[in-house]
Amino acid sequence: MNPQQELEQRGKFRMTVFEEEHFQGKSCQFSFECQNILDRDFRKIRSIKVENGPWVGYEYPEFQGQQFILEKGDYPCYQSWSGNSSYRTEHMLSFRPIKCANHSDSKITLYECEDFMGRKFEMCEDYPSLQAMGWCSKEVPSIKVNSGAWVGYQFPGYRGYQYIFERDRHEGEFRCYNDFGTQAHTNQIQSMRRIQH
């Protein structure tokens, strides 16, 4: 990336993390990914302000563990980014911007079997319940992101584990649930929405 592109990129993504809840304590602003906040002499992240761009936070360093979608707004405590999750964690130790998010041009294809086999369903809209829109299972064994970025949730109503699906990760191809993320123990996805940019 040349210096001009680097400057342009910094304007698109900006997030400030705080070591204590309610935007208190040590803070640091980021425009690029952080593989391990502990390397910045932080003990933890307890609150976040996202000024620009969507981000994905991870429970552990090196983009491992539970994923959390972070869109523009304030997150005064860990419950605000993991509040609808069935698995709450106080840890967020790495994060990165989601560069391909485009809410107005997002398309994803769900498949009933691994490796893009079986019945498929294309989506361009948000669905708080995949079963209500006609998907006949609680599981989505494989996914192909045609454009944009999406977040899938374990349960209806955008609750439970979060899985981030991006066109520019894995070339947009998630052949089995192991590709969904390091915390994925099942292919259960029951609601999906486009990531806001």
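Residues numbered from 1 in each chain as written. Predicted model: local features only at pLDDT ≥ 70, side-chain atom pairs only at ≥ 80, totals over all residues. Heavy atoms only, no water.

1. As for the nonpolar core
And then number 1: Of all hydrophobic cores here, the largest spans 20 residues; its most connected members are Val17, Ile37, Ile48, Leu70, Trp81 and Phe95.
And then number 2: Those elements giving two or more residues to this core turn out to be strand E1 (14-20), strand E2 (24-30), strand E3 (47-52), strand E5 (64-70) and helix H2 (78-82).
And then number 3: Here isoleucine 37 is in contact with Val17, Phe30, Phe42, Ile45, Met92, Leu93 and Phe95, once residues within four sequence places are set aside.
And then number 4: In this structure, Met133, Val145, Tyr161 and Phe165 belong to the second largest nonpolar core, which totals 18 residues. (Core = buried A, V, L, I, M, F, W, Y, C linked by side-chain atoms within 4.5 Å. Buried < 20%, exposed > 50% of the residue type's maximum accessible area, 1.4 Å probe, protein only. Helix = DSSP H or I, 4+ residues; strand = E, 2+ residues; numbered from the N terminus. Contact = heavy atoms within 4.5 Å.)

2. Remarks on the side chain of arginine 194
And then number 1: Summarising the element assignment, arginine 194 is placed in strand E14 (residues 191-194).
And then number 2: Separated by 3.5 Å, the side chain of arginine 194 and the backbone oxygen of cysteine 124 make a polar contact.
And then number 3: Among residues more than four places away in sequence, those in contact with arginine 194 are Glu71, His103, Ser106, Cys124, Glu125, Asp126, Ala149 and Trp150. (Polar contact = N/O pair within 3.5 Å; in protein donor to acceptor, adjacent residues only side chain to side chain.)

3. What about the pairing of strand E4 (residues 55-60)?
And then number 1: Among the six residues that make up E4, five are buried, leaving the element largely enclosed by the rest of the structure.
And then number 2: Bridge analysis of E4 against E5 gives five bridges, and the strand direction is antiparallel. Looking at the pairing, glycine 57 lines up with phenylalanine 68 of E5.
And then number 3: Turn length for the E4-E5 hairpin, with the two strands adjacent in sequence and antiparallel, is three residues, and the turn residue glutamate 62 shows positive phi of about 60°. (Pairing = 2+ DSSP bridges.)

4. Regarding the environment of cysteine 176
And then number 1: Checked against the element boundaries, cysteine 176 lands in the loop between strand E13 (173-174) and E14.
And then number 2: On the basis of relative accessibility, which here comes to 17%, the residue cysteine 176 falls in the buried class.
And then number 3: Sequence-wise, cysteine 176 and glutamine 66 are 110 residues apart; in three dimensions their C-alpha atoms are separated by 17 Å.

5. Digging into the pairing of strand E9 (residues 117-123)
And then number 1: Two strands pair when backbone bridges link them, and strand E8 (residues 107-113) and E9 are joined in this way by five bridges, in the antiparallel orientation. Bridge pairing links isoleucine 108 to methionine 123 in E9.
And then number 2: Between E8 and E9, which pair antiparallel one after the other, the connecting turn spans three residues, and aspartate 115 there sits at a positive phi close to 55°.

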